[in-house]
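For reference, the chains in residue letters:
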Amino acid sequence: MSGCSPQEAAVRSGSTAATAGRGKPERSGEQRGRENREAQQQSSLPGQNRGATGWDVNISMSVKAFELVPAVEREQLMGEKVRIGIECIECCGQHLYVGTNDCFIHHFLLEERSTKGRLTYSSQKLLQKFLGLKKPVAELKAASALERLIILCDGTVSLLDMVTLEPVPFGGAKVKNVIAFCVNENPVTADPFCVEMAVVSARRRAVQIFTVHEDRVQMLKEVTTPEQPCALSVDGYFLCLALPTQYMILNYSSGASQDLFPYDSEERKPIVKRIGREEFLLAAPGGLGMFANAEGISQRAPVSWSESVIGAAVCFPYVVALDEGFVTVHSMLDQQLKQTLSFREGHILQNFEGKVVVSSTKAVYVLVPLPLEQQIQDLLAGHRVEEALTLAEGAQRNIPKDKFQILHKRILQQAGFIQFGQLQFSEAKEHFRKGQLDVRELISLYPLLLPASSSFTRCHPPLHEFADLYHLAQGDQEKVQRCKRFLISYLREVRSSESTNGFREDVDTALLKLYAESGHDSLLDLLASNNACLLADSAPWLEKHHRYFALGLLYHYNSQDALALQLWVRVVNGDMQDSTRADLFEYVVDFLSYCSNLDLVWKYAEWALQRDQKIGVQIFTKRPVSKEQTAQLNPDEVVKYLEKHHQALVLYLEHLVLENKVQKEKYHTQLAVLYADRVLGLLTRPAATEEQLCSARRKLQHLLRESDLYRVQLLLGKLQDSELLLTERATLHGKLEEHDKALNILVHQLKNCRAAEDYCTWASQDQDQAYRQRLFHQLLSVYLDPDVPGGTQTVEAVDLLNRYSDIFDSAQVLELVPEAWSLTLLRPFLCGALRASVHARRTSQVALALAQAENMQLQHDRLKYRGGPVFMSEKRGCQLCHNTFREPDFVCLPGGTPVHTHCATQRLRDSPTKRSHLDHGHTCNHT
């Protein structure tokens with residue numbers, strides 16, 4: 001109901017708010033109050049305390065917020081007088097004033113004592129004063145700044161000396177015809193030596209504002225009211241009035257008023273209490289305690305108390321109410337009933353500057369609030385987490401900031417452990433995070449997770465009641481596993497946060513142990529990333545749970561690669577069992593390929609090659625180029641080392657020659673020889689398949705064609721005797737520029753004209769057109785050679801000419817072809833040759849014309865640059881001799897000035913320094 005008017009709050013809450021959430025039908029205020037108290041008594045452990053008056057004071061509570069402590073006992077107040085009763089009380093510091101129904105005022109001195117952590121009071125009677133009337137003392141109020149006691153007795157307000165209780169002797173110190181009065185605790189006057197007081201007049205519908213001085217009472221203002229108030233309270237300029245039928249707020253300065261909600265004063269005693277700056281507590285219909293501010297708005301939810309409440313006070317964060325049989329304590333934070341104390345014949349309940357005093361008609365007690373920390377701890381002990389947090393956060397304004405932060409963090413941490421014990425993991429995690437829990441407090445619950453070297457000790461006093469996880473779980477293994485899963489989740493979140501600074505080793509080591517124990521997939525991710533796992537604690541744990549691959553990663557992270565490799569090799573060899581990686585052998589090979597310790601590389605290379613040469617050689621072939629010379633492998637050493645491992649040697653040479661393009665003759669030659677030996681071996685092996693032979697020949701042929709670094713003669717010598725490797729021999733002859741031999745092999749021995757043509761294309765690659773043309777003419781000559789077995793290959797020659805007509809020189813071709821060939825046979829070639837010739841001629845003509853046009857354009861641009869024409873007439877004179885021109889020849893000086901030729905010549909002869917200028921002018925003249 002925050003932010004609503006008290007009228008709306010009363011309508012919403014008057015009949016139903018007291019039972020909201022309980023699922024019960026509407027009941028009277030008395031029933032609700034009684035049921036509330038009974039429910040609290042049934043749900044709590046009742047205690048009993050024998051009061052000084054002889055009553056049984058029964059207590060029930062969800063939290064023990066107050067203790068009822070005797071202050072003034074019956075015998076001290078009235079002795080044997082049975083009919084004497086307390087009417088009003090006032091407390092100012094250690095001074096307690098009690099007004100009785102026999103017109104006496106009793107003055108006591110209260111002494112506060114602490115015994116074994118409990119607060120007690122002892123009272124000493126200093127004085128008593130009979131006022132000389134037969135009326136009860138209706139009201140007392142102390143004005144300590146004036147050392148005056150303001151009293152209301154028999155409708156008259158008068159002043160007494162606080163020490164002697166003697167009346168002030170001046171006549172102006174009285175106000176008559178008064179129903180009720182109250183002191184303004186937020187005065188609007190600036191005079192520190194006066195007290196403001198609001199008075200309800202008995203003779204008119206008005207409230208009068210007075211200032212009380214040491215020796216007089218002076219009226220400042222009178223404010224009329226719709227009805228005569230029966231109770232009031234004041235704060236600043238605001239009067240909160242209980243009229244016979246309703247409550248209202250009245251600003252006595254501006255006259256503005258605000259009706260609050262109706263109330264019948266004949267049925268119940270109205271309650272109007274100032275509880276803070278411009279805020280009041282009122283007794284509303286339906287057994288509600290309503291809050292209202294000076295603007296008439298209720299910014300707090302109401303509390304549900306008994307309809308028979310006769311007194312109320314606020315001791316933040318609690319509202320304390322008194323009826324005929326009980327003192328009830330409600331929280332202003334969640335509006336719940338927190339404590340009920342049985343108190344018979346209750347008469348007065350008032351808050352005097354934080355000291356809540358309650359009295360019967362015979363004795364006076366003090367409601368001593370327990371320290372908030374104790375209340376919170378009591379709630380936590382009862383696992384009432386939300387109530388404890390609400391109380392702590394609500395009490396923030398009453399605790400210094402630094403102290404509150406420490407207290408609040410601890411409460412959050414305790415709440416987190418309570419919810420952790422109830423397996424409410426999401427709530428526990430949130431409280432741990434807000435409370436900035438030292439995560440080791442949580443880890444320490446799990447036996448053996450913290451490293452042996454950890455200096456951690458649990459917080460004292462402890463944050464929880466558990467010895468360890470197994471104590472918490474009480475043998476429930478499912479609960480244990482759920483708690484471990486939660487810890488894994490929590491540690492993963494906090495390990496990267498600043499909250500683990502200083503004890504990252506404890507966190508990472510605990511996480512590793514949990515991963516290893518549960519077989520969690522993230523174990524490898526943890527070890528492969530930046531971590532602070534302690535080797536001394538982690539290694540035995542991983543070995544215990546047979547996580548040998550993970551243990552190797554841990555060794556590697558701690559720069560102990562020798563131990564890591566030794567462990568992994570034993571797993572690969574089957575000496576130890578770990579199914580983490582089925583490809584562990586491949587992983588070890590890859591690890592060695594990146595290992596910077598060459599001693600380890602050479603140590604385990606033999607093991608890897610013996611196990612699988614194809615995979616093992618990757619130690620050398622996958623090795624990245626390193627800037628550190630100490631981590632580099634010399635290829636010559638590797639080649640020499642691999643000579644006893646034929647397959648690995650071939651793969652490594654392929655890596656050097658074909659992948660890395662190493663330009664070194666011996667590598668190319670060695671690889672070619674190995675390829676050749678492989679082919680020759682397959683040719684002599686009966687069991688060799690056609691597919692194996694074809695694959696081996698393709699590799700050899702590719703290398704012979706693509707490489708220019710191998711020793712050709714050596715390879716030719718190896719293959720010379722093999723009549724099955726004619727293609728390879730032809731390629732080698734081509735490398736030696738022996739094209740005629742190569743073509744003869746391809747055409748006459750292999751009889752593969754397509755291979756011969758491909759050979760010409762390959763051999764002329766990256767060569768000029770003349771070389772290409774010469775090679776194809778050579779192939780044509782081979783086709784037309786009549787001296788070879790089989791004679792001239794006419795069809796092949798014609799096909800060659802027709803397919804490559806643009807390459808051949810037509811004139812040379814016509815000289816080579818036999819005269820017996822018909823024109824029809826050569827028609828495709830001749831048409832193509834003629835077309836190419838015409839195209840070349842026309843292309844050259846176009847190019848010549850374009851060049852001429854470009855030259856002409858350049859000449860035109862040059863003339864434009866040299867300037868326009870110079871006009872000459874007989875009337876124009878020479879700038880040197882000043883005579884007119886008689887002949888059309890002249891010379892232009894720079895700037896276009898014409899002069900006679902002989903004048904320019906003479907000038908040059910006389911002034912050699914100007915020769916360059918005239919020369920320049922001569923080059924630019926126009927005649």
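Report on the accompanying structure.

Rules of the game
Residues numbered from 1 in each chain as written. Predicted model: local features only at pLDDT ≥ 70, side-chain atom pairs only at ≥ 80, totals over all residues. Heavy atoms only, no water. Phe/Tyr/Trp six-rings, centres within 6.5 Å; stacked < 30°, edge-to-face > 60°. Helix = DSSP H or I, 4+ residues; strand = E, 2+ residues; numbered from the N terminus. Buried < 20%, exposed > 50% of the residue type's maximum accessible area, 1.4 Å probe, protein only. Pairing = 2+ DSSP bridges. Axes fitted to C-alpha atoms, helices over the stretch in contact; angles between N-to-C directions. Contact = heavy atoms within 4.5 Å. Salt bridge = Lys/Arg side-chain N within 4 Å of Asp/Glu carboxyl O. Parallel < 35°, antiparallel > 145°, perpendicular 65-115°, else oblique. Nonpolar A, V, L, I, M, F, W, Y, C, P; charged D, E, K, R; others polar. Polar contact = N/O pair within 3.5 Å; in protein donor to acceptor, adjacent residues only side chain to side chain.

What to know about the packing of aromatic side chains
For the structure on display, the rule yields 25 aromatic pairs. Plain terms: the ring middles of Trp-568 and Phe-591 are 5.2 Å apart, the flat faces sit at 85° to each other, and that makes the pair edge-to-face. Taken together, the residues span a long stretch of sequence, with Trp-568 in helix H15 (residues 561–572) and Phe-591 in helix H16 (residues 584–594) at a distance of 23 residues. Here Trp-568 matches Phe-591 in class, with each residue buried.

Some remarks on the sheet that holds strand S18 (residues 246–251)
Reading across from one edge, S16-S17-S18-S19 is the order of the four strands in this open sheet, with antiparallel pairing throughout. Single-partner strands in this sheet number two, and they are strand S16 (231–235) and strand S19 (257–262). Each strand axis lies, on average, 15° off the axis of its neighbour in the sheet, ignoring direction. Where S16 lies against strand S17 (residues 238–242), five bridges are found, and the strand directions are antiparallel. Within S17, the position partnered with Val-234 by the bridge is Leu-239.

So, the sheet that holds strand S8 (residues 137–143)
Strand order in this open sheet of four strands is S8-S9-S10-S11, and the pairing throughout is antiparallel. Two strands bound the open sheet, and with one partner strand each, they are S8 and strand S11 (174–175). Note that S8 and strand S9 (residues 148–153) share six bridges and pair antiparallel. Note that in S9 the partner of Val-137 across the bridge is Cys-153.

Some words on the side chain of His-748
Within the secondary structure layout, His-748 lies in helix H26 (residues 739–749). If we ignore the near neighbours within four places in the chain, the residues touching His-748 are Leu-743, Val-782, Val-788 and Gln-793.

Topic: the pattern of salt bridges
Evaluated as defined, the whole model comprises 37 salt bridges. A salt bridge links Asp-636 to Lys-666, with the shortest nitrogen-to-oxygen separation between them at 3.1 Å. Of this pair, Asp-636 sits in helix H20 (residues 635–641) while Lys-666 sits in helix H22 (residues 665–684), placing them 30 residues apart in sequence. By relative accessible area, which is 28% here, Asp-636 ends up partly exposed. Accessibility expressed as a relative area gives 40% for Lys-666, which makes it partly exposed. The salt bridge involving Asp-677 is made with Lys-718; its shortest N-O contact spans 3.0 Å. A residue pair is termed long-range when its members are at least 10 positions apart, and Asp-677 in helix H22 and Lys-718 in helix H24 (residues 712–719) qualify at 41 residues. Connected through shared salt-bridge partners, Asp-334, Lys-338, Arg-384 and Glu-387 make up one network.

Details of the packing of H26 against helix H27 (residues 753–763)
One way to put it is that H26 packs onto H27 with a least axis distance of 9 Å and a crossing angle of 155°. One way to sum up the angle between H26 and H27 is to call them roughly antiparallel. On H27, the residues that touch His-739, Ala-742, Leu-743, Leu-746 and Val-747 of H26 are Ala-755, Ala-756, Tyr-759, Cys-760 and Ala-763. For the contact of H26 with H27, the residue count by class is nine nonpolar, one polar and no charged.

Side note on the environment of Asn-530
Counting through the fold element by element, Asn-530 comes out in the loop between helix H12 (522–528) and helix H13 (535–544). A sequence separation of 27 residues divides Asn-530 from Tyr-557, and the C-alpha atoms of the two residues are 8.7 Å apart. Those residues within four positions of Asn-530 in sequence are excluded, and the remaining contacts are Arg-495, Arg-504 and Tyr-557. Only 2.7 Å separates the side chain of Asn-530 from the side chain of Tyr-557, close enough to count as a polar contact.

Read these as layout, nothing more, since geometry by itself doesn't imply function.
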